[in-house]
Amino acid sequence: MTPLLRVESLGHRFPAARGDAWAVRDAKLDLYAGEVIAIVGESGSGKTTLLNCIAGRLQPTLGQVHYRNAAGTWVDVHRLAERERRALARTEWGFVEQQASDGLRMNVSAGANVGERLMGLGRRHYGELRGTACEWMRRVELDADRIDDSPRAFSGGMRQRLQIARNLVTRPRLVLMDEPTSGLDVSVQARLLDLIRLLVARLHLSALIVTHDLGVARLLAHRTLVMREGRVVEQGLTDRVLDDPQHPYTQLLVSSVVSP
Amino acid sequence: MKRDEPRLPTLQVRDLHKRFTLHLRGGRALPVLHGVSLDVDAGECVALVGPSGQGKSTLVKCLYGSYAANAGQMLLQLADAGVELTQATPQRWLALRRRDIAYVSQFLRAVPRVSALDVVAERLLEADPAPPGAELDDEMHARALDAAREQVRALFARLNLPASLWELPPATFSGGEQQRVNIARGFVQPARLLLLDEPTASLDAANRRVVVQLIDEAKSRGCAVVGIFHDEEVRDAVATRCVSLNAGAALAAPGPAQWPPA
């Protein structure tokens, strides 16, 4: 089996960091097609930095990120020309931001948000774009009658679902998510998690989900990586990491929540 | 396979060790399994017996991959080859769990918002995942889902789960109702190895009898069953053999002071 994504000895140190402060050290990771990996750890553990390095948004100080594209060719994400990387991000990849307002264009309608990636792929037929946008709004359980509303008129949970529709409309192969459910009410979280779970399974998506919530990892992820102080201290099957944690830090994490 | 070659047991466990290291308790070591060996043939149901604290559930969780064994082997025979489970990658474990290994735990881990019907139907669909690139609303999936739900309805009916509950998420069900959903999930997809951890706890007599029937059917299909049954009536009805983790010198090696001697 060939992975879809391969992260090799990735390290990142922010220019302003003092002394030996590495945000991410020696991270290695293989992600296979159809697999969901959760990256867990507390704030400051380096999980979002790792995700941003993988996404190509941040140039890692050390190491490489290789991705096998739809044509079957391996590309080094950080050696792609900016234009190619943008094209990849718009077509084969998706990125769901923690803050929906960072991932949506707040000044255009919900429908235009969903249609934008399709237009980027050269689809221009208005009726068709609108039809696809309606379909995706329904899939993420948004009222398609609100297609012309601004995302500003949507609640946090609705915005997050719109962001997911906006990302998935081009059927990406890899979706990166940064704390997609934090900041939402618990009931809204459950609904969103259920939606992500369903779409990931139905679309055979591969996903990397950064979360501090072990319950999210339990529900969505096949495998879980635990990060602490920039290092991946443990990784494996999600139920094994949560039920039989080996590293002292993972044991602390697991024992600190009510019911992971 | 050559004709004169004897058929290997479905599961061969050899000298399995499992120890927990409690880092938050000063690194205290908790040895639970010390040298467990066990063969389970196709069509056989091995009941793990003995007082609690002997590692019965731990063994079952090692066999399901939720716990990592520290030493020893667990060899599972598939149609074409054997897999050494202690060496299996996470991807391999996930594939085995989709088709070859089923597990009924003591409690259902409910997923919010998913109906009881789909909690179980999902297991059937996972065994035959849609090809990559399949369309979201394609008819193939709709038909597969309908067929899976139909199969689940039949199983729910056998388990006397009230039809009014089928479309509801199991989170609000009673313990016994949740457990029947859990049992349906474990039995709906025929597996090569079936792991049962007190499947009949919280069930009434009528439903215990249904579970006994389901286990018998799995055995006659050639499934190898490893189970923990505190209900002696159920155990006597289904077990072809009882194995005590407490018996035999290899299994009762003296542990450290915090463990009561066998």
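Residues numbered from 1 in each chain as written. Chains lettered and ligands numbered in written order. Predicted model: local features only at pLDDT ≥ 70, side-chain atom pairs only at ≥ 80, totals over all residues.

**Details of the overall build of chain B**
Threshold: Strands here are runs of E lasting at least two residues and helices are runs of H or I lasting at least four, both read from the DSSP assignment and numbered beginning at the N terminus. Neighbour counting defines burial: a residue surrounded by 20 or more other C-beta atoms within 10 Å of its own C-beta is buried, one with 12 or fewer is exposed, and intermediate counts give partly exposed, using backbone-placed C-beta atoms. Note on contacts: residues are paired as contacts if their backbone-placed C-beta atoms lie within 7 Å.
Scanning chain B from terminus to terminus reveals seven helices and nine strands. For chain B, with 262 residues in total, the buried portion stands at 37%. Taking the intrachain contacts of chain B between residues at least 6 apart in sequence as the baseline, contacts between residues at least 24 apart amount to 74%.

**Re the overall build of chain A**
To keep it simple, the criterion reads: The reference for a compact globule is 2.2 Å times residues^0.38; the radius of gyration itself is calculated from the C-alpha atoms.
Each helix and strand in chain A was counted, giving 10 helices and 10 strands. Against the globule reference of 18 Å for 260 residues, chain A gives a C-alpha radius of gyration of 18 Å, in line with a compact fold. Its C-alpha atoms put chain A at 55 × 45 × 40 Å along the principal axes.

**Description of the sheet that holds strand E3 (residues 36–40) of chain A**
Residues and elements named next belong to chain A. Selection criterion: At least two DSSP bridges between two strands are needed for those strands to be called paired. Angles shown run from 0 to 180 degrees and are taken between the N-to-C directions of axes, each axis being a line fitted to C-alpha atoms and, for helices, limited to the stretch in contact.
Pairing within the open sheet is mixed, and its six strands lie in the order E6-E7-E8-E3-E9-E10. Looking at the sheet topology across the chains shown, the edges are occupied by strand E6 (93–96) and strand E10 (231–237). In this sheet, adjacent strand axes meet at a mean angle of 15 degrees when their direction is disregarded. In this sheet, strand E8 (residues 206–211) lies alongside strand E7 (residues 174–178) in parallel orientation, the contact comprising five bridges. In the strand pairing of E8, Asp178 is matched with Val210. The strands that helix H10 (residues 248–255) touches are strand E9 (223–228) and E10; relative to E9, the one it contacts most, it runs at about 105 degrees.

**Digging into the interface of chain A and chain B**
Here is the rule: For this classification, Asp, Glu, Lys and Arg are treated as charged, while Ala, Val, Leu, Ile, Met, Phe, Trp, Tyr, Cys and Pro are nonpolar and the rest, including Gly, are polar.
Facing 22 residues of chain A, the contacting portion of chain B comprises 19 residues. Examining the composition of the side of chain A that touches chain B, we find that five residues originate from one element, helix H7 (residues 186–203) of chain A, more than from any other. Considered class by class, the residues forming the side of chain A that touches chain B number nine nonpolar, five polar and eight charged.

**A few points about the domain arrangement of chain A**
Residue and element names in this part refer to chain A. Keep this limit in mind: Boundaries of every domain are those given by an automatic assignment or by a domain database.
As assigned here, chain A comprises domain 1 (1–92 + 176–260) and domain 2 (103–171). For domain 1 versus domain 2, the distance between C-alpha centres works out to 25 Å. At the level of elements, helix H2 (82–91) and H7 are the ones that each hand at least two residues to the side of domain 1 that touches domain 2. It is H7 that provides the largest number of residues to the side of domain 1 that touches domain 2, a total of seven residues. Looking at side-chain class alone, the side of domain 1 that touches domain 2 contains eight nonpolar, two polar and two charged residues.

**A short note on the environment of Val32 of chain B**
Residue and element names in this part refer to chain B. Within the fold, Val32 resides in strand E2 (residues 28–40). On a C-alpha basis, the gap between Val32 and Lys56 in space is 9.2 Å, while along the polypeptide they are 24 residues apart. Setting aside residues up to four positions removed in sequence, Val32 forms contacts with Lys18, Arg19, Phe20, Gly55 and Thr58.

**Points about the sheet that holds strand E3 (residues 45–49) of chain B**
Residues and elements named next belong to chain B. Pairing within the open sheet is parallel, and its five strands lie in the order E6-E7-E8-E3-E9. Each end of this open sheet is capped by a strand with a single partner; those strands are strand E6 (101–104) and strand E9 (241–244). Along the sheet, successive strands turn relative to each other by an average axial angle of 20 degrees, direction set aside. Pairing of E3 with strand E8 (residues 224–228), which is carried by four bridges, proceeds in the parallel orientation. By the bridge assignment for E8, Val46 is matched with Val226.

**A closer look at the packing of helix H4 (residues 110–120) of chain A against helix H6 (residues 156–168) of chain A**
Relative placement of two packed helices is described by the angle separating their axes and the distance separating the axes. Residues and elements named next belong to chain A. To be explicit about the condition: For classification purposes, an angle smaller than 35 degrees is called roughly parallel, one larger than 145 roughly antiparallel, one from 65 to 115 roughly perpendicular, and anything else oblique.
Their axes nearest at 7 Å, the elements H4 and H6 cross at an angle of 30 degrees. The angle between H4 and H6 falls in the class roughly parallel. For the pair formed by H4 and H6, the contact residues are Ala110, Asn113, Val114, Glu116 and Arg117 on the first element and Leu162, Ala165 and Arg166 on the second. Partitioned by chemical class, the residues of the contact of H4 with H6 number four nonpolar, one polar and three charged.

**Some words on the pairing of E6 of chain B**
Residue and element names in this part refer to chain B. Burial along E6 is two-sided: Ile101 and Tyr103 facing one way and Ala102 and Val104 facing the other are all buried. Two strands pair when backbone bridges link them, and E6 and strand E7 (residues 193–197) are joined in this way by four bridges, in the parallel orientation. Within E7, the residue paired with Ile101 across the bridge is Leu193.

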